[in-house]
Amino acid sequence: MLIRMASPLLGPNVLAALRIGMATLTLAVLVRARRHTWPAGHWRELALIGLLSVAAPFLLFAWAALKLPAGYSALLNSTAVIFGIFASAWFKEDKLTVRKLVGCAFGFSGVGLIVGLGPVEPSADVYVAALACVVASACYGFSTPLMKRALSRMQPLQIAAGLHAMSFLMLIPGAAWSWSAAQFTPMALLAVVIMGVVTSGIAYWMHIRILAHVSSVAAMSPTFMIPVFGVIWGHVFLGEALGTGIFAGGALVLLASGLITGFNPWQKWLDVADTKL
């Protein structure tokens, strides 16, 4: 929702750079407060992780927000779990199974329903923007195992701060190019501050701390909640229309995520029932 509010005003390049710059500043304060050192010796590794997990996804989602409702982007973001399982298999952290491949088929079918049957009239721009969201999600998915491996050499806060700093440097040229066209309204700047401090800086640090204790795919499980809030906030605050494609496609994407990860919200109660029987 915040991306959708700020991107038309600031432009994708400026929005992505300001968001990452604010996140870098937030994490730099935390690095200083917790007396950590900057992982300068790992800048190449952090540059790659930053490109995949921050710079490219933030820029792609900011660009897609010019064409797609917030609910669309949130639902398409769920495909990150699909790409995450492939990345984990590639890095020998997990195995591909028939169930997971069926889940992938459901997931991409859901993407097709969202784009084709949603309330927004399908067009070339809509399809390209949807593809940008899927590519951004793929970047998220493939970056998570790399973050997991980096934890053997760096602390979570060092990784979060380092990858955001490297990403900020990558986006400065584009932001400088687009700076004169940006409209720095109070609403746009407030959205940047919230995204930079909370949903990027602090949230990424928390995410990497969780990643230190669980598998890559398990760490991505909060992605399941993004569509729920993305569609709700987009409808309530931005007046975005709802359609059958949103619900049917979103259900397929969530089903796909469940099949891929083995997540079953009713398993605990089923186990309890079996024990009592």
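Above this text you will find the structure in question.
Residues numbered from 1 in each chain as written. Predicted model: local features only at pLDDT ≥ 70, side-chain atom pairs only at ≥ 80, totals over all residues. Heavy atoms only, no water.

## Brief notes about the overall build of the protein
Of the regular secondary structure elements, the protein holds 13 helices and zero strands. Reading the helices (α) and strands (β) of the protein from amino to carboxyl end gives α-α-α-α-α-α-α-α-α-α-α-α-α. Burial analysis of the protein (277 residues in total) assigns 48% to the buried set. Considering only residue pairs separated by 6 or more positions, the protein has 89% of its internal contacts joining residues 24 or more positions apart. By element, 70% of the accessible surface of the protein is carried by carbon and sulfur atoms, the whole surface being about 13400 Å². (Helix = DSSP H or I, 4+ residues; strand = E, 2+ residues; numbered from the N terminus. Buried < 20%, exposed > 50% of the residue type's maximum accessible area, 1.4 Å probe, protein only. Contact = heavy atoms within 4.5 Å. Areas by Shrake-Rupley, 256 points an atom, 1.4 Å probe, with all protein chains shown as cover.)

## Quick look at the side chain of glutamine 158
On the secondary structure map, glutamine 158 appears in helix H8 (residues 156–178). Take glutamine 158: its relative accessible area is 12%, and that puts it in the buried class. A distance of 2.9 Å separates a polar atom in the side chain of glutamine 158 from the backbone nitrogen of glutamine 155. (Polar contact = N/O pair within 3.5 Å; in protein donor to acceptor, adjacent residues only side chain to side chain.)

## Digging into the packing of helix H4 (residues 70–77) against helix H7 (residues 124–150)
Two elements in contact, H4 and H7, have axes whose closest approach is 9 Å; the angle formed by their N-to-C orientations is 40°. In terms of crossing hand, the pair formed by H4 and H7 is right-handed. When H4 is examined against H7, the residues Ser73, Leu76 and Asn77 are found in contact with a partner set consisting of Ala130, Cys133, Val134, Ser137 and Tyr140. For the contact of H4 with H7, the residue count by class is five nonpolar, three polar and no charged. (Axes fitted to C-alpha atoms, helices over the stretch in contact; angles between N-to-C directions. Left-handed = near helix turned anticlockwise from the far one by under 90°. Nonpolar A, V, L, I, M, F, W, Y, C, P; charged D, E, K, R; others polar.)

## Observations concerning the packing of helix H2 (residues 12–33) against helix H9 (residues 186–211)
Between H2 and H9, whose axes approach to 8 Å, the crossing angle comes to 55°. Judged on the interaxial angle alone, H9 and H2 are oblique. You can see that H2 and H9 cross each other, and the crossing is right-handed. In contact with Leu15, Leu18, Arg19, Met22, Ala23, Thr26, Leu27 and Leu30 of H2, H9 contributes Val192, Val193, Met195, Gly196, Val197, Thr199, Ser200, Gly201, Ile202 and Trp205. Considered class by class, the residues forming the contact of H2 with H9 number 12 nonpolar, five polar and one charged. (Parallel < 35°, antiparallel > 145°, perpendicular 65-115°, else oblique.)

## With respect to helix H5 (residues 80–90)
Across the 11 residues that make up H5, a large majority, nine, are buried. Three or more residues of H5 are buried, namely Ala80, Val81, Ile82, Phe83, Gly84, Ile85, Ala87, Ser88 and Ala89. Taken from the residues just after H5, lysine 92 is the one with a positive phi, measuring 65°.

## Brief notes about H2
With 22 residues, H2 extends 32 Å from end C-alpha to end C-alpha; this agrees with the ideal 32 Å at 1.5 Å per step. In the stretch just after H2, arginine 35 is the one whose phi turns positive, near 60°. (Expected span 1.5 Å × (residues − 1).)

## So, the packing of aromatic side chains
As enumerated under the stated definition, the model contains three aromatic pairs in all. Seen from their ring centres, phenylalanine 58 and tyrosine 204 are 6.2 Å apart, and the 80° between their planes marks the pair as edge-to-face. Note that phenylalanine 58 is positioned in helix H3 (residues 43–64) and tyrosine 204 in helix H9, a separation of 146 residues in sequence. The ring of phenylalanine 58 has arginine 19 sitting right over it, with the charged end atom 3.7 Å from the ring centre. The aromatic ring of tryptophan 205 is capped on one face by arginine 209, whose charged end is 5.3 Å from the ring centroid. (Phe/Tyr/Trp six-rings, centres within 6.5 Å; stacked < 30°, edge-to-face > 60°. Lys NZ or Arg CZ within 6 Å of the ring centre and 35° of its normal.)

## Observations regarding the nonpolar core
Counting 46 residues, the largest nonpolar core has Phe58, Leu68, Met147, Ile159, Leu163 and Ile208 as the members making the most contacts within it. Contributing elements (two or more residues each) for this core: H2, H3, H4, H5, H7, H8 and H9. Among the elements that take part in this core, H7 stands out by supplying 11 residues, more than any other. Ignoring anything within four residues of it in the chain, the contact list for isoleucine 159 reads Leu46, Met147, Ala150, Leu151, Met154 and Ile208. (Core = buried A, V, L, I, M, F, W, Y, C linked by side-chain atoms within 4.5 Å.)

## Concerning unusual backbone geometry
Of note in this structure, arginine 35 is not a glycine but carries a positive phi near 60°. Among the secondary structure elements, arginine 35 is positioned in the loop between H2 and H3. The exposure class of arginine 35 is exposed, given its relative accessible area of 77%.

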